[in-house]
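Architecture and fold: a report
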Amino acid sequence: MLNIILFGPPGAGKGTQSEKIIDKYKLTHIATGDLFRKHLGEGTDLGKLAQKYMDEGNLVPDEVVIGMVDERIKETKASSYGYIFDGFPRTVPQAKALDTLLEEKGEKIAGMIALDVPEEELKKRIKERGKTSGRTDDQDEAKIENRIKVYQEETLPVANYYDGEGKYVKIHGVGSIDEIFDKISSEIDKLK
Ligand code: AMP
C-alpha cells in the first residue's frame, strides 16, 4: 500500500489536489472534514457532536476523529491500494494514533507532502470558496482567522513529527492547479 498525508493550512488546496491524486494513483481518500460534513448532513450523533467545534473553526476532540478514521480504514482496507489522508492528522496525538492504526495492519505512512501557501492567499481563497461551498466556516472572517490560528498552534507540530521521521517534504502551493499537481506527482513517484 502507498499511504500519503497531504498537509497544509485551510485553503491550501488539499481537497483540489487530493481529487487529482486519487484519479492518478487510485488511492482511497480519507478527508476528515468531508466525513464530518457528511455526518452533519445525515444528522448522526457524531455529526451533532462535531458541529459545535466546526462552527467555531476549532478542532473536534482527538478520540472522536481517530475513531472515525479507524472505522473508515476498516470499511475500505480490503479494496484499497493505499490512502491519501487530507485534513488528518491535525494534532501530534492524531499522528501517533494513525501510525499505530497502520502498524496494526502492517502498514505505514510513506510520506507527508505539505502545501506551503502565504496567509493572505489562504484567506482570499477561503472567502472565494465560501461563495459557493455553503460552508459557514468559509464565510466568517473571525472563523477563518481562528482556523488559521488553530493550524499554526495545534497542527504545525505534526509537520515536525513527520520531519523527524524523514518523511516530510514541502511544496510551494501557489501557481496553477496543474503545476502544483506536477510537483506533488514527482514527490509521490519517489515514494512508490
Ligand atoms: P476541513 O474541511 O479539513 O477544513 O475541516 C473542517 C472542520 O472539521 C475543521 O475546522 C474542524 O472543526 C473539523 N476537523 C476536520 N478534520 C479534523 C481533524 N483531523 N481533527 C480535528 N478536527 C477536524
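We now turn to the structure provided with this report. For clarity, every value in this text was computed on a predicted model and none was experimentally measured. (Residues numbered from 1 in each chain as written. Predicted model: local features only at pLDDT ≥ 70, side-chain atom pairs only at ≥ 80, totals over all residues. Heavy atoms only, no water.)

**Comments concerning the packing of helix H2 (residues 32-42) against helix H3 (residues 45-56)**
Formally: Between N-to-C directions, angles cover 0 to 180 degrees, with each direction set by a line fitted to C-alpha atoms, over the stretch in contact for helices. Under the scheme used here, helices are H or I runs from DSSP no shorter than 4 residues and strands are E runs no shorter than 2 residues, and both carry numbers assigned from the N terminus. The labels follow the angle: roughly parallel below 35 degrees, roughly antiparallel above 145, roughly perpendicular from 65 to 115, and oblique for the rest. Note: crossing handedness is left-handed where the near helix turns anticlockwise from the far helix by less than a right angle, and right-handed where it turns clockwise. For this analysis, residues touch if any pair of their heavy atoms sits within 4.5 Å.
Following both chains from N to C, one finds H2 and H3 inclined at 120 degrees, their axes separated by 8 Å at the closest point. For the element pair H2 / H3, the angle class is oblique. Crossing hand, H2 versus H3: left-handed. When H2 is examined against H3, the residues Gly33, Phe36, Arg37, His39 and Leu40 are found in contact with a partner set consisting of Leu46, Gly47, Ala50, Gln51 and Met54.

**Structural notes on the side chain of asparagine 146**
As a reminder of what qualifies: In protein, a polar contact means a hydrogen-donor-capable atom and an acceptor-capable atom, both N or O and within 3.5 Å, with residues adjacent in sequence counting only if both atoms are side-chain atoms; elsewhere, any N or O pair within 3.5 Å suffices.
Along the chain, asparagine 146 falls in helix H7 (residues 141-164). Here the side chain of asparagine 146 touches asparagine 58 through a polar contact of 2.9 Å, side chain to side chain. The residues contacting asparagine 146, other than those within four sequence positions of it, are Glu56, Gly57 and Asn58.

**Thoughts on the sheet that holds strand S3 (residues 83-86)**
To keep it simple, the criterion reads: A pair of strands is considered paired only if DSSP assigns at least 2 bridges between the two.
Spatial strand order, S2-S3-S1-S4-S5: 5 strands in an open sheet with parallel pairing. In this open sheet, the two strands that pair with only one neighbour each are strand S2 (28-31) and strand S5 (168-172). In this sheet, adjacent strand axes meet at a mean angle of 20 degrees when their direction is disregarded. As judged from the 4 bridges shared by S2 and S3, these two strands associate in the parallel manner. Across the sheet, the residue bridging to alanine 31 is aspartate 86, located in S3.

**Comments concerning the environment of alanine 31**
The condition is simple: Accessibility here uses a 1.4 Å probe with only protein chains present; expressed as a share of the type maximum, an area under 20% marks a residue as buried, one over 50% as exposed, and anything in between as partly exposed.
You can see alanine 31 is positioned in strand S2. With a relative accessible area of 6%, alanine 31 lands in the buried category.

**Thoughts on the layout of surface pockets**
Under the convention used in this document: Here a cavity denotes grid points, spaced 1 Å and computed from the protein atoms alone, that fit a 1.4 Å probe unable to get out, and a pocket denotes an open set having protein on both sides within 12 Å along at least 5 of 7 lines; residues with an atom within 4 Å of a point are the lining. Grid points are joined across faces, edges and corners, and a volume is the space filled by probe spheres set on the points. Three classes are used: nonpolar for Ala, Val, Leu, Ile, Met, Phe, Trp, Tyr, Cys and Pro, charged for Asp, Glu, Lys and Arg, and polar for all others, with Gly counted as polar.
Roughly 1,000 Å³ of volume is contained in the largest pocket. Residue lining of the largest pocket: 47 residues in total, with Pro10, Gly11, Lys14, Arg129 and Arg135 positioned closest to the centre. Going through the elements one at a time, strand S1 (4-7), helix H1 (14-25), S2, H2, helix H6 (119-133), H7 and helix H8 (177-191) are the ones with two or more residues in the lining of the largest pocket. Of the residues in the lining of the largest pocket, the class split is 19 nonpolar, 17 polar and 11 charged. Space inside the second largest pocket adds up to approximately 200 Å³. When contributions to the lining of the second largest pocket are tallied by element, the ones reaching two or more residues are strand S4 (111-116), H6, H7 and S5. Ranked by residues supplied to the lining of the second largest pocket, first place goes to H7 with 5 residues. When grouped by side-chain class, the residues that make up the lining of the second largest pocket number 12 nonpolar, 2 polar and 3 charged.

**Describing the pattern of salt bridges**
Formally: Salt bridges are defined as contacts in which a side-chain nitrogen from Lys or Arg sits within 4 Å of a carboxyl oxygen from Asp or Glu.
Counted by the stated rule, this structure contains 21 salt bridges. Here glutamate 141 and lysine 127 are joined by a salt bridge, their closest N and O atoms 3.3 Å apart. Pair noted here: glutamate 141 is in helix H7 and lysine 127 is in helix H6, with a separation of 14 residues, a long-range link. Judged by its relative accessible area of 38%, lysine 127 is partly exposed. Taken together, the salt bridges that share partners define one network made up of Arg129, Arg135, Asp137, Asp138 and Arg147.

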